[in-house]
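Fold and contact review
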Amino acid sequence: MATQLKPVDVLLVGYGWTGGILAKELASTGLKILALERGGPRDTSPDFLEPSKDDEIRFAVRHELMQDVSRETLTFRNDSKQTALPMRQLGSFLPGNGVGGAGVHWNGVTWRFSPWDHEAHTRTVEKYGAKIIPEDMHLQDWGVSYDELEPYYDKFEKTCGVSGKAGNLKGQKIDGGNVFEGARTNEYPNPPLKQTQAGAMFDKAARNLGYHPFPAPASNASQPYVNPDGIAYGQCHYCGFCERFGCEANAKASPHFTVMPIAAKNPNFELRTNAAVQKVLLDSTGKKAIGVVYIDARGREFIQPADLVVLSAFALGNVALLLWSGIGKPYDPVTHTGVVGRSYAYQASSGATAFFDEKTYFNNFMGAGALGTNIDDFNGDSYDFAKYGFIGGGGIGASTSGGRPIQGRPTPPGTPRWGLDWKKATARHYLHTANISNQGSNMAHRANYLDLDPTYRDIYGRPLMRMTFNFLDNEAKLMKSLADVCATIGKEMGAERVDARTNPVPYSIVPYQSTHNTGGAVMGDDPRTSVVNKYCQVWDVPNVFVTGACVFPQNAGKNPTGTVGALAYWIADALKDKYLKSPGALVRA
Amino acid sequence: MGDDKSVDRRGFLKVAGAGAALAPATALAQKIDPPVQTHEAPARAAMDHAMAMPAPAAAKHDSLDGWLFFNPDEVSFVKAALDTLIPADPTGPGAVEAGCATYMDRQLSGAYGRGARLYMQGPFAEGTPQQGYQLPLTPADLIRAGIADVEAYALATRKARLRDLDAATRAAVLTEVDQGKAQLAHVPAGIWFNQFLNLTMEGYFGDPIYGGNKDKAAWKMIGFPGVPAMYADMIDEFRNKPYTGATRGIQDIA
Ligand SMILES: Cc1cc2nc3c(=O)[nH]c(=O)nc-3n(C[C@H](O)[C@H](O)[C@H](O)COP(=O)(O)OP(=O)(O)OC[C@H]3O[C@@H](n4cnc5c(N)ncnc54)[C@H](O)[C@@H]3O)c2cc1C
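Let us look at the structure shown here. This structure is a prediction, so every number in the text was calculated from the model and none was measured. (Residues numbered from 1 in each chain as written. Chains lettered and ligands numbered in written order. Predicted model: local features only at pLDDT ≥ 70, side-chain atom pairs only at ≥ 80, totals over all residues. Heavy atoms only, no water.)

Digging into the overall build of chain B
Scanning chain B from N- to C-terminus turns up 11 helices and 0 strands. Element order for chain B, N to C, with α for helix and β for strand: α-α-α-α-α-α-α-α-α-α-α. Relative to its full complement of 254 residues, chain B shows a buried share of 54%. Sequence-distant contacts, at least 24 apart, represent 63% of the contacts inside chain B between residues at least 6 apart. Carbon and sulfur atoms form 56% of the exposed surface of chain B, whose accessible area is close to 10,400 Å². (Helix = DSSP H or I, 4+ residues; strand = E, 2+ residues; numbered from the N terminus. Buried < 20%, exposed > 50% of the residue type's maximum accessible area, 1.4 Å probe, protein only. Contact = heavy atoms within 4.5 Å. Areas by Shrake-Rupley, 256 points an atom, 1.4 Å probe, with all protein chains shown as cover.)

Remarks on the overall build of chain A
Tallying secondary structure elements over chain A gives 12 helices and 24 strands in all. A compact globule built from 589 residues would reach a C-alpha radius of gyration of about 25 Å, and chain A, at 23 Å, matches this within 12%. Taken over the C-alpha atoms alone, chain A extends approximately 70 × 55 × 50 Å along its principal axes. Put simply, chain A has 589 residues, and 64% of those count as buried. Considering only contacts in chain A between residues 6 or more positions apart, those separated by 24 or more positions represent 75%. Roughly 19,600 Å² of accessible area belongs to chain A as shown, and the carbon and sulfur atoms make up 50% of that amount. Taking the average location of the 60 positive side-chain charges in chain A and that of its 58 negative ones, the two points are 2 Å from each other. (Rg over C-alpha atoms; globule rule 2.2 N^0.38 Å. Lys, Arg positive; Asp, Glu negative; His and termini not counted. Charge placed at Lys NZ, Arg CZ, Asp CG, Glu CD.)

Looking at the sheet that holds strand β21 (residues 449-457) of chain A
One open sheet holds the 4 strands; their spatial order is β5-β4-β22-β21 (chain A), and the pairing between them is mixed. Looking at which strands have only one partner, the edges of the open sheet turn out to be β5 (85-86) and β21 of chain A. (Pairing = 2+ DSSP bridges.)

Some remarks on the sheet that holds strand β18 (residues 394-399) of chain A
Across a sheet, paired strands are connected by hydrogen bonds in the backbone, their directions being either parallel or antiparallel. All names here are of chain A. Taking strand neighbours across the sheet as the criterion, the 6 strands line up as β9-β17-β18-β19-β16-β23 in an open arrangement whose pairing is antiparallel. In this open sheet, the two edge strands, each paired with only one partner strand, are β9 (214-215) and β23 (497-502). In this structure, β18 lies alongside strand β19 (residues 433-440), joined through 5 bridges in antiparallel fashion. Bridge pairing in β19 places Gly394 opposite Gly440. The sheet strands contacting helix α7 (residues 197-208) are β17 (372-375), β18 and β19, and the helix crosses β17 at an angle near 20°. (Axes fitted to C-alpha atoms, helices over the stretch in contact; angles between N-to-C directions.)

What about the interface of chain A and chain B?
Each partner contributes residues to the interface: chain A has 72 residues there, and chain B has 71 residues. The largest contributions to the chain A side of the interface with chain B come from Arg62, Arg88 and Trp418 of chain A, which together make up 16% of the buried area. Applying the counting criterion to the chain A and chain B interface returns 4 salt bridges. Between Lys423 of chain A and Asp89 of chain B there is a salt bridge, and its shortest N-O distance comes to 2.9 Å. If you look at where chain A meets chain B, you find 34 residue pairs in polar contact (both at pLDDT 80 or more). Taken together, the elements giving at least two residues each to the side of chain A that touches chain B come down to α3 (56-61), β4 (74-77), β5, α10 (420-429) and β21 of chain A. Ranked by residues supplied to the side of chain A that touches chain B, first place goes to α10 of chain A with 6 residues. Within the side of chain A that touches chain B, the residues separate by chemical class into 33 nonpolar, 21 polar and 18 charged. (Buried area = accessible area lost by both parts, 1.4 Å probe. Salt bridge = Lys/Arg side-chain N within 4 Å of Asp/Glu carboxyl O. Polar contact = N/O pair within 3.5 Å; in protein donor to acceptor, adjacent residues only side chain to side chain. Nonpolar A, V, L, I, M, F, W, Y, C, P; charged D, E, K, R; others polar.)

Quick word on the packing of aromatic side chains
A complete count under the given rule lists 48 aromatic pairs over all chains for this structure. Each ring, one from Phe69 of chain B and one from Phe70 of chain B, has its centre 5.4 Å from the other, and the planes form 65°; the classification is edge-to-face. Taken individually, Phe69 of chain B and Phe70 of chain B each receive the classification buried, so the pair is uniform in this respect. Ring-pair connections join several aromatic residues into one group, and the members of that group are Trp116, Tyr128, Tyr211, Phe378, Tyr383, Phe385, Tyr388 and Phe390 of chain A. Here Arg184 of chain A stacks its cationic end above the ring of Tyr188 of chain A, 3.8 Å away from the centre of that ring. (Phe/Tyr/Trp six-rings, centres within 6.5 Å; stacked < 30°, edge-to-face > 60°. Lys NZ or Arg CZ within 6 Å of the ring centre and 35° of its normal.)

Notes on the pairing of strand β2 (residues 8-13) of chain A
Residues and elements named next belong to chain A. Counting buried residues in β2 gives 5 out of 6 residues, a clear majority hidden from the surface. Of the strand pairs in this sheet, β2 and strand β15 (residues 301-311) are connected by 5 bridges, and their pairing is parallel. Looking at the pairing, Leu11 lines up with Val309 of β15. Here β2 runs beside strand β3 (residues 33-36); their pairing, made up of 4 bridges, is parallel. Within β3, the residue paired with Val13 across the bridge is Leu36. Crossover connection from β2 via helix α1 (residues 17-25) to parallel β3: handedness right-handed. (Right-handed = clockwise from strand over helix to strand, strands pointing away.)

Structure below.
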C-alpha cells in the first residue's frame, strides 16, 4: 500500500541541471519545493577527488556515474518494421543518474542556438520556399525566439562561468569570435581557454580556407571565477578527464556545486534522493496533475501530492514519464496524429581523423572537456545548405578533450586491430593525430519517435520506452558533406593522411555518439504538433511543465545544454511572473 | 558480424537456460547432446579428449599467480591468446607481461563479469547488429564458453590446443574467430572475440591498480603520462613538443 505524504507546492522530478536551476530560482517564491531524485547524493569532496577520480575504467568504461540499465533502459529499433530489443548495456548515449544528473559528467561545451535554429521553419520557407521541406520532415519553429531567450542564455553562461570570445556583441561582428552567432548583450564571463596545438593548426587552416574560427565556448573556467550567485570556481587543470568524470577543481560547471547549494539554503526546500518517480497522478478530469508516485531505496511506495509538477528527469526520462502518466496524446506514426514521442531526434555527427608526421606533437592528454577551436561557417543559415541537398548544418571543430587511451587510440585505416602492426601503429600515432569533427543538426522525421514497448519492462514493472530511430536521407547527406569539409581542413592543416568518417548509417545504439537526445515533448504554438507551449507548459495539463532537450522541435548542430539551461531560467521566470500569479494555461490553444 | 547469425544459438540457449552457464567450460561442452551442428562433432570429441588429459605442468605453475576466475586450462588459453593479440617486441610490452590475464580474471570474477549494469530480462532475440548485445550471457559466461569453443575449434582444425600452436598458427586461428569465419559451438565468434579484445585493451591501457598495464609500460610506449594530470602551466610550454614529465598511476599518488 502506498503511503500518502503531506502535499508540497512545487515538485521537481529529477535533480540535474534543470531541476537544480528551478529549485534555486523558485526559492524566492516562498513556496514549499520538493525535488525527487532517483539516484544518490554526491559531492566534489569526497566523491571526485584526485587521484581516484581519474579512473578511466571505472568512470568511462564501466559508466559508474550513469544510469544503470539493469534497472531501467529502453528498447530500440531502426524502423517500425523491426521488433525493438532492449538496450542491454549503455552505448550510444549515457543518461545521468544521481544528484547533479549528467551535469556532473558532461564536457561543458556551452552553445547558444542561433536565431535560425529557433525559427527554422519560418526562415527556411522565407529563403527557399516550402517545397524544400521533404514531406516526411517535421520542421518547426520553437514558439520562442532567440531574442526572447537571449537574457536567459546570458544568465546560464554567467552561472557556468563560460570561457569564450564573443563574435557578435549587440550586432557588432568581432573577428576571433563566432561571427555567425546571434547578437549578444554581453561578452563571455571568462576569456577563452588556452589554445592547443590542434586548435592553433585548425585556426590557421580554417582562415586559409576563408572560414571564421573561434574558441569553443567552454564551461571549464579559464581562470578562478566567482559567479553572480557567489559560487567560486577553480581554474581548469586541463587534466583531460572531463567527459564521464566529475571535476576535482570545481572548474567544470555542474549543478551540484553551483545552483544546488543555494537551493539547499532555502528552508522551504527539500531534496529526497533514491526516490524513483513512477508517474504523475492526474485527477478524474485528466487535465490536472495532483502529485506523483515514487518508490524509495527500500522499495516502499509513496504518493506525494503537489500543486505543480516540473519534469526535470532528462529528455528521455521526461518523455517516458509523460507516456507512463497518460499526459498528452501519444504520437502515432501511421495516422500521423498525437504528439508525445513525436519528433525524437539526435545528433548527426561525422568528422575526419588527421594523421601527422612524428615531429608534430598534439599531446591530446593535456585537454579540457570543451577545449577546442570551431567554425560555424556550415551551421544553421550561415551557408546555403540547399546547395548540398539537405536542411541543416553542423559545428565543425578540433577539440582537445583528453587522451584517455582505452577510448582513444587512433590508427590509420587499414591498420589491423591487434598484433605487432597494430601496436606499432598505435605507438606511432598516439601523440601525432588530430581529430576534426562535425556536430550535425538532426531534423525531426515522421518515422523517428518514442512510445512504450509492448514486451519489455523495467525493475518496477513499467513498460520500457521504445525508441524508433534512424539517420534518414537528410542526415546521411549532411554527415557525408560535412565530413568532407572536415577532411579538407585536415589536409590544409598539413596532415600526411586524413580519414573521413560519419556516425554509423543505419544508426546504431552501440558506439557512443552523444547524449544529445532531443524531442518527444516538443514546444511550439500549435497543440496538434507540440506537447508544450512556448513556456514549456503542457497544453493538456497546465500544472505540468517540462524541461530539457525533449522540448526541442529539431536538434541544432550544437550541444544542447546552453539552450537547456537558458530554457530552465526562462521557465522559472514564466512560473514566477505569470503562472504562480494566476495558475492556468499561459497560452490559449 | 554477419557471420554470427549463422551460429546456431539454440544449442547454446539450451545449456545456458538450464543454468549451466557458470559451469566449467569442459562440462558445458560435454553436456550438449545431440550435436546442434554436424561440423561440431569432431571439435567436441577432440576437446573432450583434450580435457580428459591431466593438466600439464605449465598450468600448475601458472596457478602460482593466483586466479579468482579462470581455471588452469583457461589460464593457459588466455595467455596464449593474449600473447597473440599483443606480442612483446621492442616497441612495447606484450599483453601477458603487462598483466592482462590478471586484469581479465579480476574483472570476470567481480560485479562486471557477473552482469552488473546489464539488462538481463527476456525474451531474448538475435536482433540486428545496430541493436547491440542481445545474448543471455554475462561477460563471465560469454568469455568462459567462448574459451572452450575456441579451444575446441583449434583442436578440430589444427589438432592442438591454442597454447601448443606456433605463433603464426595461433594468429590464424584467432583471425578466423575475429572475422567470424570460425564456426563456434556455442557463442557467436565475432561477439566473443570483440569482448575478449576489449578486455585485453582495458587491461593493457587501464590504470595499473586493476592488475594490468604493469609498470605503466603501455602508457610509456604511447606517451600517455597518466594521472593526476595538472597541465594548466604546461600546455603552453609543451605545445608541439614531446612531454617530459613523469608517468604516474593512481597508486603512485594515493
Ligand atoms: C558524457 C556526456 C557529455 C556531455 N557533454 C555535453 C557538452 O559538452 N555540452 C552540452 O551541451 N551537453 C553535454 N551533455 C549533455 C548534458 O549533460 C545534458 O544536456 C544536461 O545534463 C541535461 O540536463 P537535464 O536537467 O535535462 O538532465 P540531467 O542533468 O541528466 O538530470 C536529470 C536527473 O533526473 C533524474 N531522473 C531521471 N528519471 C527520474 C525519475 N523517474 N525519478 C527521479 N529522478 C529521475 C536523473 O537521475 C538525473 O539526475 C553531455 C552528456 C553526457 C552524458
